[in-house]
Structure formats: C-alpha cells, structure tokens
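Summary of the model geometry
Spelled out from the first residue to the last, the chains are:
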There are 2 protein chains.
Amino acid sequence: MNRSVLVLCCEGFEEIEALSVVDVLRRANVSVTLCSVPGNDIMNGSHGIGVRADKPFGEKEKAGIGYDAVVLPGGLPNAHLLRDNDGVIECVKRFFSDGKLVCAICAAPCVLERAGLLSGRKATSYPGSIKMESCGSYVEDRVVRDANIITSRGPGTALAFSYEILRALGLGNAADKLEEGMLFGK
Amino acid sequence: MNRSVLVLCCEGFEEIEALSVVDVLRRANVSVTLCSVPGNDIMNGSHGIGVRADKPFGEKEKAGIGYDAVVLPGGLPNAHLLRDNDGVIECVKRFFSDGKLVCAICAAPCVLERAGLLSGRKATSYPGSIKMESCGSYVEDRVVRDANIITSRGPGTALAFSYEILRALGLGNAADKLEEGMLFGK
C-alpha cells in the first residue's frame, strides 16, 4: 500500500529538517507533498535556500484527505508562522483525531502544544521551544513516539526522525535498509 | 576574514549532502554560492526536490576567483555529470594547485579521481564509487582530510563533512558551537 505524507512549510523553514524527511521518505517510495502554507512557488528556508513547493495548502490538505501523516519542520519564523495559523492548527487536530501520524521537529512541537496535542504525552523539542509542563513527560531523546505523535530535537536528529516516521508508517524494513545504505551513524 | 565557498551542482544532486553544507556554512557566516553547472535557475535533486541556484558556473567560478573552497555533493547523475565536465575538472585542479580546499562527498570523489587529485592521498567515498587503487590509502572513516582535500561517505556523514570543512577554513570554534547547537550526535 502506498503511503502519502504532507510536509507543511512557511518562510524560514529549517532546510536540513524539512528536506531530510522528503529525501528519506521518497527513497522508501512514499509519496511526499512539500506544501507551501502561504502558497508561494519558491519557499525560502532559514539559511536562504530557495525550494520549490509541490503545491499550496488547500482544503484537501487541511482535511488530510489522501494523506497518512503530516510533518512539521522547525526553523524560524516557520515554526511560529505554522503555530499562529488557524488552518494549520485545524489540520494537525484533524490528522490526530483521525488516528493519522502527526510529526514535528525542533521548534515545531510548539504547533502541537498550541493545538493541545501534547497534554499527557511524552514529547521532545529543540531545547526551550515548548513549555515542559505542556507535555505529560518532557524528555531529551533524539526522537520520541507516543501513540500517533512523533517529536524530535533539531537538525542533528533529522535523519533519526525521518527513519522513525517510516517505521510508524509500517515501513520498518525500508528504514533499516536506508539507515545502512545512507551510512547513518557510520 | 570572511570565507567564501563554492558548491557545484548538476541535475540529480543529493539534497541532504548539498544542503547540509550550505546550511551549516551559512550558520557560521561563510558566504556560500550554490552554483548550477548547467546554468538552470531551479536544479532538480535526486529525490525530486527543486532548489534555486544562486548563480551559473562562469569563468570566475572555474578559476576560483574570490572563493576559498569548492564542494562537490554526491547523488546521481550529478556526480557523473560533474566528473565528465571538463570545466569542473579544470576548476578542481585550479583550486587544488592554488592551495584552496577541495571537498567531495558520496559518489563525488570520482571527480577528484578523474582529476588525478587522489593519487598518493588518503581518501574515502560512498562504497564502490571510486577505485581504491586510485588513492594512496582508501579508508572508511566518516570524513577524511589529507592536506587540502576533504572526502566523505554519504548522506549520513554530511553534517560531519560540513563541520570538517569549517575547521579546515579555520572556523573550528564555530564548528564546535554548531555541533552543540544543532544537536549533532545527540
């Protein structure tokens, strides 16, 4: 069964975090849509890299129709723009309540915090970017999975985050092979 | 003193390898030029990510004027297109003979192999992408620095490669701080 994943970006997304996910998931034949929330064709990352969006954030994306997971990269102002966008909050709540995977790295767990999805859950983030008391248990593991929420810490944990997303999508064999083939941890 | 680094890409560059270098070096205030060898405005990576080029590969780039280092990402066909381009071969030879830094990761050490720069040197690459006998000593370390040549192995070693480039540019303090701040190895 083909998996389909939505990656949401605003201006100032962290390039390593966003693109490691796209790269790793596409290597496992997951259909990945790199989606511009403001709708621009070329999105500027936090280090000045311009990246082409696959499509704008439309009603289908907001409702999660046809997608198995949503991924939020970090980077500023990206993470705060995502957090302050009511459509994005509606989107992550919808994915969560539909039992789909909701994933955020670095500063982007602040989006899940505003959506109230971390309450009572184990989670992580870039140090200082969410209030520890907004989670059930704040930890400093590279990647944390609690039910259908995956959180991670920063650019240095972006590959580990990507492999964990594959595993949560039921693609553990592909994750194992990619860790080996991409020389992860070597 | 401001450092200036040239990153050369053709179609099918490996996104994590190319963009980790750009991201890390710009965090250390290095001026990084993401250069399209074929001259297109949007370059397509090996996993379908479209990235905006800063400028085309011109005479200034070929001669290394104003640049302290050249970096070659992997990915296919990118690495083979770079290898088969006489202007790129001329460029890496010129950087090398001027005592500037020449850096290649994954399949891209094949460019240095064709340019004859690995002879008698310690080097690495993605497994199988260069002939071991073209180097003085082929090793499997994540990153190898021999004089002004830095080689590395693949997407999983791209961050380590980027920090080593900073150190070779005399920016070791910045590299240490970024390893910490980007949660490298955490």
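All values derive from a computational prediction rather than experimental measurement.

With respect to the interface of chain A and chain B
In many reports, interface size means the accessible area that the parts give up when they come together. Between chain A and chain B, the contact holds 27 residues from the first and 27 residues from the second. Element by element, the count of residues in the side of chain A that touches chain B is highest for helix H1 (residues 15-27) of chain A, at eight residues. Per-class residue counts for the side of chain A that touches chain B are eleven nonpolar, eight polar and eight charged.

Focus: the relation of the copies chain A and chain B
Mapping chain A onto chain B calls for a screw motion: a turn of 180° about the axis and a shift of 0.0 Å along it, with 0.0 Å RMSD after fitting. Taken together, the rotation and translation describe the operation of a two-fold axis. Closest approach to the rotation axis within chain A is made by the C-alpha atom of Val-51 of chain A, at a distance of 2.3 Å. Mapped onto chain B, 100% of the interface residues of chain A are again interface residues, and the two copies thus contact each other with one and the same surface.

Observations concerning the confidence of the model for chain A
Looking at chain A as a whole, its pLDDT mean stands at 97, while 99% of the residues score no less than 70. With a pTM of 0.97, the predicted complex shows an ipTM of 0.97.

So, the nonpolar core
In terms of nonpolar packing, the biggest core is built from 140 residues, with Val-7 and Val-70 of chain A together with Val-7 and Val-70 of chain B touching the most fellow members. Apart from the residues within four sequence positions on either side, Val-70 of chain B is in contact with Leu-6, Leu-8, Gly-64, Cys-91, Val-92, Phe-95, Val-102 and Cys-103 of chain B.

Quick look at the pairing of strand E6 (residues 69-72) of chain B
Consecutive residues of a regular strand have side chains that alternate between opposite faces of the sheet. Residue and element names in this part refer to chain B. Both faces of E6 are covered, namely the face carrying Ala-69 and Val-71 and the face carrying Val-70 and Leu-72. Where strand E1 (residues 4-9) lies against E6, three bridges are found, and the strand directions are parallel. Looking at E6, one finds that Val-5 is bridged to Ala-69. Relative to strand E7 (residues 101-105), E6 runs parallel, the two being bridged by four bridges. Residue pairing for E7: Leu-72 is matched across the bridge by Ala-104.

Observations concerning the pairing of E7 of chain B
Of all five residues that make up E7 of chain B, five are buried, and the element is covered over most of its length. Residues Leu-101, Cys-103 and Ile-105 of chain B point to one face of E7 of chain B and Val-102 and Ala-104 of chain B to the other, with burial holding for every one of them.

Each value, and the rule that gives it
Residues numbered from 1 in each chain as written. Chains lettered and ligands numbered in written order. Predicted model: local features only at pLDDT ≥ 70, side-chain atom pairs only at ≥ 80, totals over all residues. Contact = placed C-beta atoms within 7 Å. Helix = DSSP H or I, 4+ residues; strand = E, 2+ residues; numbered from the N terminus. Nonpolar A, V, L, I, M, F, W, Y, C, P; charged D, E, K, R; others polar. Least-squares fit on C-alpha atoms with pLDDT ≥ 70 in both. pLDDT = per-residue confidence, 0-100. Core = buried A, V, L, I, M, F, W, Y, C linked by C-beta atoms within 7 Å. Buried ≥ 20, exposed ≤ 12 C-beta atoms within 10 Å, placed from the backbone. Pairing = 2+ DSSP bridges.

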